[in-house]
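# Coordinates in review
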2 protein chains.
Amino acid sequence: MTQVSTAQAASTAQLASTAKALKCKECGAEYELKAQHVCELCFGPLEVKYDFSSLRFSVTRESIQAGPNSIWRYRQFLPVATDNYIDVGTGMTPLVRSQRLARRLGLKKLYIKNDAVNMPTLSFKDRVVSVALSRARELGFTTVSCASTGNLANSTAAIAAHAGLDCCVFIPSDLEAGKVLGSLIYSPTLMAVHGNYDQVNRLCSEVANTHGWGFVNINLRPYYSEGSKTLGYEVAEQLGWELPDHIVAPLASGSLFTKIYKGFKEFVEVGLVEDKKVRFSGAQAEGCSPIAEAFREKRDFIKPVKPNTIAKSIAIGNPADGVYAVDIANKTNGNIESVTDAEIIEGIKLLAETEGIFTETAGGTTVAVLKKLVEAGKIDPDETTVVYITGNGLKTQEAVQGYIGEPFTIEAKLDSFEQALERSRTLDRLEWQQVLV
Amino acid sequence: MTQVSTAQAASTAQLASTAKALKCKECGAEYELKAQHVCELCFGPLEVKYDFSSLRFSVTRESIQAGPNSIWRYRQFLPVATDNYIDVGTGMTPLVRSQRLARRLGLKKLYIKNDAVNMPTLSFKDRVVSVALSRARELGFTTVSCASTGNLANSTAAIAAHAGLDCCVFIPSDLEAGKVLGSLIYSPTLMAVHGNYDQVNRLCSEVANTHGWGFVNINLRPYYSEGSKTLGYEVAEQLGWELPDHIVAPLASGSLFTKIYKGFKEFVEVGLVEDKKVRFSGAQAEGCSPIAEAFREKRDFIKPVKPNTIAKSIAIGNPADGVYAVDIANKTNGNIESVTDAEIIEGIKLLAETEGIFTETAGGTTVAVLKKLVEAGKIDPDETTVVYITGNGLKTQEAVQGYIGEPFTIEAKLDSFEQALERSRTLDRLEWQQVLV
């Protein structure tokens, strides 16, 4: 860190926004707004503390709507001091009112928050990276980095390229081809580590201590994670400045879940929406479900696991914010559920066939858990329910290959087409017969 | 067509919007607004004719801005009669002010219209399909179809799934894996035809005549192609209600090019922007450049070619609107240029490294042509130039695989990382030395 301390001191002074300090979530100790993520006293995680008192008068629904069509319309709620933030159009993704999936599940008011088309790299990670790299630049970092299951590496490499920052990203060596290529294309230094995400993360913690780089999800984590709050703000705004009754979101580290919660709370605090009890339900893959297990067993601690699932983007065996996620599910009368890899694939297909949205394995997990919760009577059909789709299916093509059928290969002749069409109709009939049996 | 004539008659009557007739681009003959794309008298292509006279008073910049954040904010300019259009958030993609690519090329005011993040399927085709399927539903079609080089199939399958329409799509059998899977996931009937796009297209014309389906780019083509006008409207709006000086767009059939032109003209006609001479330049891949050849040889007709290029999405050997594209380039003092497959790959990498935007081969073609035109002095550095990026690189991963380097594979240990970092720095130095030599 020594390399950047002068730059940090210089720019911290400019932070005239509502962000006031870093505060330990456990003991409450406070620190200045620098690149630090762990409390020196109790080793608890640090979070950005704001003073929103001035916002109750200066920020209105109208002032937000007049802002940019991106996460930066909520700039007063984000820990970036200057106007020199990086805006690549991230955020303000559609909140789709579901018709066909809702009918299939028997829900009356289902909405899909679709970050599978987030900009620029098609996952919710563009939100956290936009915030982290904007802050990194303010703190004087010239090289940025991350430990990633793929989406974060894509996003960090792309936004660093846009901003002209040097970039070195770390991934497990067994990732999907689309996620590897989706980083390499931006020309970062890409380190593929033999090991799972938790091992990659440990290595990165060491590198962060020796190289003075800005690791978006390590030493910049308090800023980075605040970007996820925008998934709360946007849903509230897009519902016509109201909170939903129930949300379902995927759980990896648990951070996204806690930040949606924080986003809703902050909007209530400054008077932008009415207070309301929102139920929070979380989704994990059975092959990596330490948070769902803790919830089921009513524990207040997480037992780390070794991941073994196709849902690699959420396969974090030792989730940093797991206990906070359990706490939120409990106190909001929500649930945390896990599904098998087969159910995840079915979830991906179900969303594509009913809504025309192609999501990656994490989204398949969330849809499958949504279905499971509805079937178990744990979501009321009358609840306004929002399901968070966090990434795009084109990045994890391997997961569904072999489960979605094949094209009919034909000659460029009418009779060859007619024969294939007849075959396809026979197959459809067979499928229906199977359903009826 | 007989199967749908009653439904057509019923809903045509409702068309109280500004769309008035189908009109032949060659002989001017007019037809009612049904599913027809060719003039019965001269076999010329039909286009939608409007009466915009009422719009000069009823449509303002403010009324458009108050509309949905999608192409449907321009609904009065589109050939859809009812309010029951299909809005899946298509359009209003970012117009990015380029910093790093602009510097690299020596341009002062370069903008990137980024449809690589268009919704729902990450290409500009979502625009034309949203319009075509909305109109198909009005005309009473229950099965929709298309001949496609990939992106159109993805879009038709996805939006049909969302709208609950039956869907059968036709593609050449040698398409990129991402484009095949990117259709299959939505469960259409998918026909992979042995042959190139032009052969697929001919087969589909026969099927359209026998099955009474709505082929978005055949019998629905007059409606479908109008969707591309929104790429003109949005750029004008996003530039602050001004037209650019110069645009560069890819040429496949040539339709997109002519419709951006039409979009600009219409905005001038209704008084939304000032008139201005906009230069139109087009981009083709050398392995399929019948339009660029006609332009170079100052011909007013197209000689069809057999495509042989990695830029499959724009590989149309017999482009339907090729002559109109040549005409526009000529009369606006623009250019039409082609680039090699190697230049296309460099174009993809250049855009990714400088702007953090990962485009498919069509976008690589456009960026490479932009570069070539600048180097040839055919774009003035002071011109406000807009380059259209029309699709996402995750769908054509094969094209860049092998040209973007490999990750450094390391153990989860600090010394393994340090060695790799040293190697990467040596490689960087070597690269610089090569540049300097």
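The shown structure was predicted, so the numbers you read here are calculated from the model rather than taken from an experiment.

Analysis parameters
Residues numbered from 1 in each chain as written. Chains lettered and ligands numbered in written order. Predicted model: local features only at pLDDT ≥ 70, side-chain atom pairs only at ≥ 80, totals over all residues. Heavy atoms only, no water. Helix = DSSP H or I, 4+ residues; strand = E, 2+ residues; numbered from the N terminus. Rg over C-alpha atoms; globule rule 2.2 N^0.38 Å. Contact = heavy atoms within 4.5 Å. Areas by Shrake-Rupley, 256 points an atom, 1.4 Å probe, with all protein chains shown as cover. Pairing = 2+ DSSP bridges. Axes fitted to C-alpha atoms, helices over the stretch in contact; angles between N-to-C directions. Parallel < 35°, antiparallel > 145°, perpendicular 65-115°, else oblique. Nonpolar A, V, L, I, M, F, W, Y, C, P; charged D, E, K, R; others polar. Expected span 1.5 Å × (residues − 1). Buried < 20%, exposed > 50% of the residue type's maximum accessible area, 1.4 Å probe, protein only. Core = buried A, V, L, I, M, F, W, Y, C linked by side-chain atoms within 4.5 Å. Buried area = accessible area lost by both parts, 1.4 Å probe. Polar contact = N/O pair within 3.5 Å; in protein donor to acceptor, adjacent residues only side chain to side chain. Salt bridge = Lys/Arg side-chain N within 4 Å of Asp/Glu carboxyl O. pLDDT = per-residue confidence, 0-100. UniProt positions renumbered as here; feature names shortened; annotations may be inferred. Least-squares fit on C-alpha atoms with pLDDT ≥ 70 in both. Phe/Tyr/Trp six-rings, centres within 6.5 Å; stacked < 30°, edge-to-face > 60°.

Turning next to the overall build of chain A. Across its full length, chain A holds 17 helices and 14 strands. Relative to the compact-globule value of 22 Å for 437 residues, chain A shows a C-alpha radius of gyration of 22 Å, a close match. Taken along its principal axes, the extent of the C-alpha atoms in chain A is 75 × 45 × 45 Å. At a minimum sequence separation of 6, the contacts of chain A that also span at least 24 residues come to 70%. Surface exposure of chain A reaches about 15900 Å², of which carbon and sulfur atoms provide 49%.

All names here are of chain A. Taking strand neighbours across the sheet as the criterion, the three strands line up as 2-1-3 in an open arrangement whose pairing is antiparallel. At either margin of the open sheet sits one strand with a lone partner, and together these are strand 2 (30-31) and strand 3 (46-50). Where strand 1 (residues 19-24) meets strand 3, five bridges bridge the pair, whose relative direction is antiparallel. Looking across to strand 3, one finds that A19 is bridged to Y50.

Residues and elements named next belong to chain B. Viewed as axis vectors pointing N to C, helix 14 (residues 341-355) and helix 15 (residues 361-375) meet at an angle of 90 degrees, and their least axial separation amounts to 7 Å. Comparing their axes, helix 15 and helix 14 come out roughly perpendicular. On the side of helix 14, the interface is formed by E343, I344, G347, I348, L350 and L351, while helix 15 contributes T361, G364, T365, V367, A368, K371 and K372. Tallied by class, residues from the contact of helix 14 with helix 15 come to six nonpolar, four polar and three charged.

With that out of the way, let us pick up the pairing of strand 1 (residues 19-24) of chain B. The side chains of a regular strand alternate, first on one face of the sheet and then on the other. Residues and elements named next belong to chain B. Bridge count for strand 1 against strand 2 (residues 30-31) is two bridges, and the pairing is antiparallel. Looking at the pairing, L22 lines up with Y31 of strand 2. Counting the residues in the hairpin turn of strand 1 and strand 2 gives five residues, including G28, whose phi is positive at 80 degrees.

The next thing to look at is helix 6 (residues 151-163) of chain A. Residue and element names in this part refer to chain A. Here helix 6 contains 13 residues, and its C-alpha end-to-end distance of 18 Å stays within 8% of the 18 Å for a straight helix at 1.5 Å per residue. Most of helix 6 sits inside the fold, with 13 of its 13 residues counted as buried. Looking at the residues trailing helix 6, positive phi occurs at G164, about 75 degrees.

The next thing to look at is the nonpolar core. One finds F170(A) and F170(B) to be the most contacted residues of the largest nonpolar core, which totals 295 residues. Top contributing element to this core by residue count: helix 6 of chain A, with eight residues.

Contacts between chain A and chain B engage 69 residues on the former and 69 residues on the latter. Between chain A and chain B, roughly 5900 Å² of surface is buried when both sides are summed, and carbon and sulfur atoms account for 69% of that area. It is L181(A), I185(A) and L394(A) that lose the most area in chain A upon contact with chain B, and together they represent 11% of the buried surface on that side. Our count for the contact surface shared by chain A and chain B stands at 18 residue pairs in polar contact (both at pLDDT 80 or more). The element that contributes the greatest number of residues to the side of chain A that touches chain B is helix 17 (residues 414-436) of chain A, accounting for seven residues. In terms of residue class, the side of chain A that touches chain B is made up of 39 nonpolar, 19 polar and eleven charged.

Taken as a whole and judged by the stated rule, the model has 48 salt bridges over all chains. The partner of R299(A) in a salt bridge is E297(A), and the shortest N-O contact between them spans 2.9 Å. With a closest N to O distance of 2.7 Å, K49(B) and E30(B) form a salt bridge. Taken as a pair, K49(B) in strand 3 (residues 46-50) and E30(B) in strand 2 lie far apart in primary sequence, 19 residues in all. Through salt bridges that share partners, E47(A), E226(A), K229(A), K259(A), K262(A) and E266(A) make up one connected network.

Turning to the confidence of the model for chain A, a few remarks are in order. Residues and elements named next belong to chain A. Scored by pLDDT, chain A comes out at a mean of 93, with 95% of its residues at no less than 70. Segment residues 1-15: pLDDT under 50, and 33 contacts once partners within four positions in sequence are set aside and those in other chains are kept. Reported for the predicted complex are a pTM of 0.93 and an ipTM of 0.92.

Once that is clear, we can look at the UniProt feature "modified residue: N6-(pyridoxal phosphate)lysine" (unreviewed entry) in chain A. According to UniProt, the "modified residue: N6-(pyridoxal phosphate)lysine" (unreviewed entry) feature falls on K125(A). Residues within four places of K125(A) in sequence aside, it is in contact with N151(A), L152(A), S155(A) and Y224(A).

With that settled, the discussion passes to the relation of the copies chain A and chain B. The operation relating chain A to chain B is a screw motion whose rotation component is 180 degrees, with 0.0 Å of axial translation and a residual RMSD of 0.0 Å. Expressed as a symmetry operation, the mapping of one chain copy onto the other fits a two-fold axis. When the interface residues of chain A are mapped onto chain B, 100% of them are again interface residues, pointing to one common binding face.

A few words on the environment of V180(A). Relative to the helices and strands, V180(A) is located in helix 7 (residues 177-184). Take V180(A): its relative accessible area is 17%, and that puts it in the buried class. Each C-alpha atom of the pair V180(A) and L203(A) lies 19 Å from the other, and the pair is 23 residues apart in sequence. Not counting chain neighbours up to four residues away, the residues in contact with V180(A) comprise I171(A), L175(A), L190(A) and P407(B).

Taken together, five strands build an open sheet; the order of strands is 9(A)-6(A)-7(A)-8(A)-14(B) and the sheet is parallel. Looking at the sheet topology across the chains shown, the edges are occupied by strand 9 (214-215) of chain A together with strand 14 (408-411) of chain B. As judged from the two bridges shared by strand 6 (residues 143-147) of chain A and strand 9 of chain A, these two strands associate in the parallel manner. Bridge pairing links S145(A) to F215(A) in strand 9 of chain A.

With that settled, the discussion passes to the packing of aromatic side chains. Considering all chains together, one arrives at 34 aromatic pairs over all chains under this definition. The interplanar angle of 50 degrees and the centroid separation of 5.3 Å between the aromatic rings of F77(B) and Y233(B) together place this pair among those described as tilted. Separated by 156 residues along the polypeptide, F77(B) in the loop between helix 3 (61-65) and strand 4 (95-97) and Y233(B) in helix 10 (residues 230-238) bring together distant segments of the chain. With relative accessibility at 1%, the residue F77(B) sits in the buried group. Aromatic side chains F170(B) and F215(B) sit 6.0 Å apart centroid to centroid with 35 degrees between the ring planes, which places their arrangement in the tilted category. You can see F170(B) sitting in strand 7 (residues 166-172) and its partner F215(B) sitting in strand 9 (residues 214-215), a full 45 residues away along the chain. Both residues of the pair, F170(B) and F215(B), count as buried. Through a chain of ring-to-ring contacts, three or more aromatic side chains come together here, namely Y50(A), F52(A), Y74(A), F77(A), Y233(A), W241(A) and F267(A).

Glancing now at the side chain of S228(A). Along the chain, the position of S228(A) falls in the loop between helix 9 (221-226) and helix 10 (230-238). Every residue in contact with S228(A), bar those within four places of it in the chain, is listed here: F124(A), V128(A), L256(A), K259(A) and I260(A).

Residues annotated in UniProt with the feature "domain: Tryptophan synthase beta chain-like PALP" (unreviewed entry) correspond here to residues 89-391 of chain A. Strand forms 17% of residues 89-391 of chain A and helix 44%; the C-alpha atoms that close the span are 16 Å apart.

Let us now look at helix 7 of chain A. The element helix 7 of chain A is largely enclosed, with a buried count of seven among its eight residues. Of all the positions in helix 7 of chain A, only G178(A), K179(A), V180(A), L181(A), G182(A), S183(A) and L184(A) are classed as buried. Residues of helix 7 of chain A that are buried in the fold lie against helix 6, strand 7 (166-172) and strand 8 (189-194) of chain A together with helix 16 (397-400) of chain B.

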